[in-house]
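Each chain is listed here by its residues.
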There are 2 protein chains.
Amino acid sequence: MMHIGIDMMGGDYAPLEAVKGLQTFLSTPDNNVIIHCIGNEEEIQPLFEQYQISSPQIKVIHAAEIIGYHEHPTKALKDKPQSSIAIGFQMLAGGELDAFISAGNTGAMLVGAMFSIKPIEGILRPTISTIVPKLNGDTGVLLDVGLNADCKPEQLNQFAILGNLYAKHILQIPEPKVALMNVGEEEGKGNLLAQATYPLLKENKHIHFVGNMEGRDMFLDKADVMVCDGFTGNILLKMAESVYDLTLKRGIQDAYFERFHYENYGGTPVLGVSKPVIIGHGISHAKAFKNMISLACKMVEHDICGKIAEEILK
Amino acid sequence: MMHIGIDMMGGDYAPLEAVKGLQTFLSTPDNNVIIHCIGNEEEIQPLFEQYQISSPQIKVIHAAEIIGYHEHPTKALKDKPQSSIAIGFQMLAGGELDAFISAGNTGAMLVGAMFSIKPIEGILRPTISTIVPKLNGDTGVLLDVGLNADCKPEQLNQFAILGNLYAKHILQIPEPKVALMNVGEEEGKGNLLAQATYPLLKENKHIHFVGNMEGRDMFLDKADVMVCDGFTGNILLKMAESVYDLTLKRGIQDAYFERFHYENYGGTPVLGVSKPVIIGHGISHAKAFKNMISLACKMVEHDICGKIAEEILK
């Protein structure tokens, strides 16, 4: 039985949308999971009644405080030990939870992930990734998407390993193709970082490196794992997300572009820390919450953190 | 009367598509221009006859050689003085041309621009830009898009000035909003380069700086001039171009996404060099050639290089 913690108070539409997401999740069979709903009991209980959520799989953990969007992450976590995010990390660090999810203050989630549960031994820098919908129906992963604005070649080289394990075990791609996001295909192209990273990736025995890729290859089947610094990755991610908005505003309904909608992938896992932590979009709705719970279960089930710990020491 | 040189041999579909583009261009009235068509006379003349191009505005300059796509730029320019690109730059440097256009070897075009006609005094690094179609119908400009993979803050600060003048005089935006492409809106966000560039842009008296922008703002009306390093810009440009391909492959016909097609903007001007140089996409068709000629005329007409020279010394 696995234990997943969810911050019921995080996100613009919390706790309502978190409750609705939970309801959808519980309607799927075979959930070998206990969900710890962390938040203000007085707000959550009436919603649970309204949405008829009463299952032995659900536990409510009262949190008297909330960390707001604009609070300083480190200060807020210190000053509000009774906040839903602080309690979540206490439970995760203490072993009561196997994974923790929140669509609340991103900075507080990152600080919690880095300092409450800590990076896996041997990891230079944890990273955050995003799912990339491929035109052929497949799914790729792009990382880093913003945790590390400035990177060293050795860090990118590790991100490749983390992304590779994620693609293999979570996206179920048997032998993921790993590429370096760059400005040209030939070896030697790129900025100083990309030029210095290429030979490391080429020599990296943990991955199947297919060389450089360009911006135009992102949605094609050139690579399953796309590695870049967090500055480039964050701008690419946000631009790709905006493409979905553009299609909506133009009245275009298309099954492929629908996959660009963040709700489909739910949240961003922090990779390289000792337990699964998933950070949701502030504007998460029910579907995003449901998908974040599913992703957390999958990450625990496949012991992705254990596999990273093992691989990184090889 | 202005003199525009065009490399008839550059591009995958040259000289045929260049001839067709020329034909369309000549059909528009009031062209106060002489077009110098540089290329293999034996190939061009029959096409001119076929497409009934015989105008006092057209001069053919024979070029016995061609620089191929995969040739080393500097070496090719040196070894092939009779190539269409080499002749174009000789004529540009010698004052016989006011602007030069080619869809051929990009590297050779850049080397020619940097060493035959040279950067404008005071320019740290020339830059290349791309047009960005805005959802509201406006057009923005993103730079650098690949000439400078690694940048210094002072260079980005100058790109802002170049982009501002381009937006003002070529895109006819009276007071362009200039923004720094970044990972967050607040001052202090970003990688080391963006953090160091922000205060320079804030103090830059040549521009109307509106702060940081994110990837999601690229197609919205947040900014008219979007400044970033050439690594980020190139990946963004190629990704945006691929969005048009995605819509095509999904069978989507939409007037807005149609604007993402490179043929509409024709080519990329090199900004910061002493005369207008326009580099076309290798896969340019007639429309792209026609638009490149129009853009070259506009750049000469508005004396964009003169305005840059004036502004940069202020």
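What counts, and where the lines are drawn
- Residues numbered from 1 in each chain as written.
- Chains lettered and ligands numbered in written order.
- Predicted model: local features only at pLDDT ≥ 70, side-chain atom pairs only at ≥ 80, totals over all residues.
- Helix = DSSP H or I, 4+ residues; strand = E, 2+ residues; numbered from the N terminus.
- Expected span 1.5 Å × (residues − 1).
- Buried ≥ 20, exposed ≤ 12 C-beta atoms within 10 Å, placed from the backbone.
- Pairing = 2+ DSSP bridges.
- Axes fitted to C-alpha atoms, helices over the stretch in contact; angles between N-to-C directions.
- Least-squares fit on C-alpha atoms with pLDDT ≥ 70 in both.
- Contact = placed C-beta atoms within 7 Å.
- Nonpolar A, V, L, I, M, F, W, Y, C, P; charged D, E, K, R; others polar.
- Core = buried A, V, L, I, M, F, W, Y, C linked by C-beta atoms within 7 Å.
- Right-handed = clockwise from strand over helix to strand, strands pointing away.
- Domains from an automatic or database assignment.

1. Concerning helix α11 (residues 286–301) of chain A
All names here are of chain A. Taking 1.5 Å of rise per residue, 16 residues should cover 22 Å, and α11 covers 23 Å from first to last C-alpha, within 8% of that figure. Those residues of α11 that sit buried are Ala288, Phe289, Lys290, Asn291, Met292, Ile293, Leu295, Ala296, Cys297, Met299 and Val300. Following α11 by one or two positions, Asp303 has its phi on the positive side, about 45°.

2. Describing the sheet that holds strand β9 (residues 225–227) of chain B
Residue and element names in this part refer to chain B. Taken in spatial order, the 11 strands make up an open sheet running β3-β2-β1-β4-β11-β10-β5-β6-β9-β7-β8, and their pairing is mixed. The two strands at the open ends of the sheet, each matched to only one other strand, are β3 (58–62) and β8 (208–213). The mean angle between the axes of side-by-side strands here comes to 25°, regardless of whether they run parallel or antiparallel. As paired strands, strand β5 (residues 127–133) and strand β6 (residues 139–143) are joined by five bridges and run antiparallel to one another.

3. Some thoughts on the relation of the copies chain B and chain A
Each copy superposes on the other: chain B lies on chain A with an RMSD of 0.0 Å after a rotation of 180° and an axial shift of 0.0 Å. The symmetry that links the two subunits is that of a two-fold axis. Taking C-alpha positions as the reference, the residue of chain B nearest the rotation axis is Thr232 of chain B, at 2.8 Å. Looking at the interface residues of chain B, 100% of them are also at the interface in chain A, so both copies use one shared face.

4. Notes on the interface of chain B and chain A
With 31 residues of chain B at the contact, the number on the chain A side is 31 residues. Looking at the side of chain B that touches chain A element by element, the count peaks at 13 residues for helix α8 (residues 230–249) of chain B. Per-class residue counts for the side of chain B that touches chain A are 16 nonpolar, seven polar and eight charged.

5. Considering the sheet that holds strand β4 (residues 99–102) of chain A
All names here are of chain A. Taken together, 11 strands build an open sheet; the order of strands is β3-β2-β1-β4-β11-β10-β5-β6-β9-β7-β8 and the sheet is mixed. Looking at the sheet topology across the chains shown, the edges are occupied by β3 (58–62) and β8 (208–213). The mean inter-strand angle of the sheet, taken between neighbouring strand axes irrespective of direction, is 25°. Judged from the six bridges that link them, strand β1 (residues 2–7) and strand β2 (residues 33–39) form a sheet pairing that is parallel. Counted as the bridge partner of Ile6 is Cys37 from β2. Strand contacts of helix α7 (residues 192–203): β7 (177–181) and β8, with the helix running at about 165° to β7, the strand carrying the most contacts.

6. Focus on the nonpolar core
Of all hydrophobic cores here, the largest spans 216 residues; its most connected members are Met226, Val227 and Ala296 of chain A together with Met226, Val227 and Ala296 of chain B. Not counting residues within four places of it along the chain, the set of residues in contact with Met226 of chain A comprises Val132, Gly140, Leu142, Ala179, Met181, Met213 and Met218 of chain A.

7. Focus on the pairing of β7 of chain A
Residue and element names in this part refer to chain A. Of all five residues in β7, five are buried; the element is thus mostly enclosed. Burial along β7 is two-sided: the face carrying Lys177, Ala179 and Met181 and the face carrying Val178 and Leu180 are both buried. Bridging between β7 and β8 involves five bridges; their strand directions are parallel. Its bridge partner lying in β8, Val178 is registered against Phe209. Viewed along the sheet, the connection from β7 through α7 into β8 turns out right-handed. Pairing between β7 and strand β9 (residues 225–227): three bridges, direction parallel. Residue Val178 lies in a different strand from β9, and its bridge partner there is Val225.

8. What about the domain arrangement of chain A?
All names here are of chain A. When its domains are assigned, chain A resolves into domain 1 (1–121 + 272–303) and domain 2 (124–264). Computed from C-alpha atoms alone, the centre-to-centre distance between domain 1 and domain 2 is 26 Å. Residue-level contacts link 14 residues of domain 1 with 10 residues of domain 2. Mapped onto the side of domain 1 that touches domain 2, the elements with two or more residues apiece are α5 (106–115) and α11. Among the elements that take part in the side of domain 1 that touches domain 2, α11 stands out by supplying five residues, more than any other. Broken down by class, the residue content of the side of domain 1 that touches domain 2 amounts to seven nonpolar, five polar and two charged.

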